Amino acid sequence: MLAILAPGQGSQKPGFLAPWLDVDGVEARLRWLSTAAGADLVHLGTDADADEIKDTARTQPLLVAAGLVAAGQLPLAGAAVVAGHSIGELTAAALAGALSAESAMLLAGVRGREMAAACALEPTGMSAVLGGDPDEVAAAIEAAGLTPANRNGAGQIVAAGALAALEKFAAEPPAGTRVRPLAVAGAFHTRYMAPAEEALQRLAGGITPSDPRRQLLSNADGAPVGSGTELVRRLVRQVTSPVRWDLCMATLADLGVTAVLELPPAGTLAGLVKRELKTRGVPEIVTLNTPDDLPAARDLIARHGEPARNASTGDNA
């Protein structure tokens with residue numbers, strides 16, 4: 001059983017899309033998706049420096065576009081499961097057939113711009129808390145007036161909230177943990193993103209989703225979402241709700257996933273899967289970062305995809 005994973009913000013690197021522009025049709029596709037997103041994705045993926053692409057308003061549509069153009073080079077009809085971390089859930093929604101690529105890019109553009117605007121309202125941030133018992137760490141984060149915004153598994157929880165509270169928390173961390181501030185603009189997946197949620201809600205009413213054609217795991221609880229309408233509701237709520245990537249990985253194991261393909265910019269989610277599932281049987285993993293990785297990705301799909309589905313649908317994504 002094959003799962004396709006789409007990474008979230010923080011995984012991007014300057015110029016990471018440059019090699020893909022040598023693939024026929026990719027540059028034209030990026031320019032089309034740029035129109036939907038309201039951002040120059042070709043520039044952002046090739047010439048932009050690290051400071052430019054860490055801007056939330058630019059990073060989020062860039063990551064969704066990267067996943068979509070790479071997936072477009074693969075025969076993904078045999079993929080049984082898709083999941084994305086945070087903004088990557090929009091990529092996953094498109095690959096599941098629940099949203100059109102254009103709708104996913106429109107939502108990514110608005111989501112990025114509105115979250116960036118919300119970050120500017122108050123001095124907030126995020127810090128990774130490494131080690132410790134997950135439940136005890138989450139409780140300590142909440143006791144400090146912060147939010148466990150990302151429960152990523154593999155011994156990592158991300159605390160988010162006011163900068164002053166984060167600094168105090170880092171000065172007196174829970175026993176057996178290390179706290180590392182993250183270079184982000186604000187407290188994503190917390191109440192501080194409420195203005196962004198409201199903006200997305202106004203936009204979401206005009207989108208007509210489809211029910212997912214393959215299992216699409218939700219960041220809210222790790223469970224598959226069968227309804228397109230429910231998916232859109234969750235995507236809107238996601239900007240103020242914690243990301244439960246730990247539960248997504250538990251579902252991958254429960255479903256019996258035998259192989260994982262991470263879309264570009266790949267590596268972060270693959271690392272989490274390796275560490276979290278080491279006691280339950282780590283699936284075979286391929287990280288897709290450049291066109292040079294396409295043969296390995298296609299081989300993985302051929303060996304772990306669902307042949308009957310491939311034959312019956314002819315679906316490329």
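Residues numbered from 1 in each chain as written. Predicted model: local features only at pLDDT ≥ 70, side-chain atom pairs only at ≥ 80, totals over all residues. Heavy atoms only, no water.

With that settled, the discussion passes to the pattern of salt bridges. A complete count under the given rule lists 15 salt bridges for this structure. Across the pair arginine 234 and glutamate 230 runs a salt bridge whose closest N-O atoms are separated by 2.9 Å. Here arginine 234 pairs with glutamate 230, and both are found in helix H10 (residues 228–237), just four residues apart, close to one helical turn. The exposure class assigned to arginine 234 is partly exposed, which follows from its relative accessible area of 21%. On the accessibility criterion, glutamate 230 (24% relative accessible area) is partly exposed. (Salt bridge = Lys/Arg side-chain N within 4 Å of Asp/Glu carboxyl O. Helix = DSSP H or I, 4+ residues; strand = E, 2+ residues; numbered from the N terminus. Buried < 20%, exposed > 50% of the residue type's maximum accessible area, 1.4 Å probe, protein only.)

Here the focus is the nonpolar core. Membership of the largest hydrophobic core comes to 76 residues, with the highest contact counts inside it found for Ile4, Leu41, Leu99, Met105 and Leu261. Split by domain, the residues of this core number at least three in each of domain 1 (2–120 + 190–304) and domain 2 (124–182). Apart from the residues within four sequence positions on either side, leucine 99 is in contact with Leu90, Ala93, Ala94, Ala104, Leu107, Ile207, Pro209, Val232 and Leu235. Within the second largest apolar cluster, 19 residues are counted, among which are Ala83, Leu217, Leu269 and Val273. (Core = buried A, V, L, I, M, F, W, Y, C linked by side-chain atoms within 4.5 Å. Domains from an automatic or database assignment. Contact = heavy atoms within 4.5 Å.)

Another aspect to go through is the packing of helix H1 (residues 26–37) against helix H4 (residues 56–71). Running from amino to carboxyl end, H1 crosses H4 at an angle of 145°, the nearest separation of the two axes being 10 Å. For H1 against H4, the interelement crossing comes out right-handed. Contacts from Val26, Arg29, Leu30, Leu33 and Ala37 in H1 reach Pro61, Ala65, Leu68 and Val69 in H4. Grouping the constituent residues of the contact of H1 with H4 by class yields eight nonpolar, no polar and one charged. (Axes fitted to C-alpha atoms, helices over the stretch in contact; angles between N-to-C directions. Left-handed = near helix turned anticlockwise from the far one by under 90°. Nonpolar A, V, L, I, M, F, W, Y, C, P; charged D, E, K, R; others polar.)

The four strands lie next to each other as S4-S5-S3-S6, forming an open sheet whose pairing is antiparallel. This sheet does not close on itself; its edge strands, each paired only once, are strand S4 (147–153) and strand S6 (178–181). Taking the axes of each pair of neighbouring strands and ignoring which way they run, one obtains an average angle of 25° across the sheet. Note that strand S3 (residues 124–130) and S6 share four bridges and pair antiparallel. (Pairing = 2+ DSSP bridges.)

Following the UniProt record, the feature "domain: Malonyl-CoA:ACP transacylase (MAT)" (unreviewed entry) maps to residues 5–293 here. Taken end to end, residues 5–293 has its terminal C-alpha atoms 15 Å apart, with 43% of it in helix and 14% in strand. (UniProt positions renumbered as here; feature names shortened; annotations may be inferred.)

All right, on to the domain arrangement of the protein chain then. Domain boundaries assigned for the protein chain yield domain 1 (2–120 + 190–304) and domain 2 (124–182). With 12 residues of domain 1 at the interface, the matching set in domain 2 holds 12 residues. Summed over both sides, the interface of domain 1 with domain 2 buries roughly 1000 Å², with 56% coming from carbon and sulfur. Counting the surface domain 1 buries against domain 2, the share from its top three residues, Thr190, Tyr192 and Leu272, is 38%. We note a salt bridge from aspartate 246 to arginine 151, for which the minimum N-O separation is 4.0 Å. At the boundary of domain 1 with domain 2, the tally comes to six residue pairs in polar contact (both at pLDDT 80 or more). When grouped by side-chain class, the residues that make up the side of domain 1 that touches domain 2 number six nonpolar, two polar and four charged. (Buried area = accessible area lost by both parts, 1.4 Å probe. Polar contact = N/O pair within 3.5 Å; in protein donor to acceptor, adjacent residues only side chain to side chain.)

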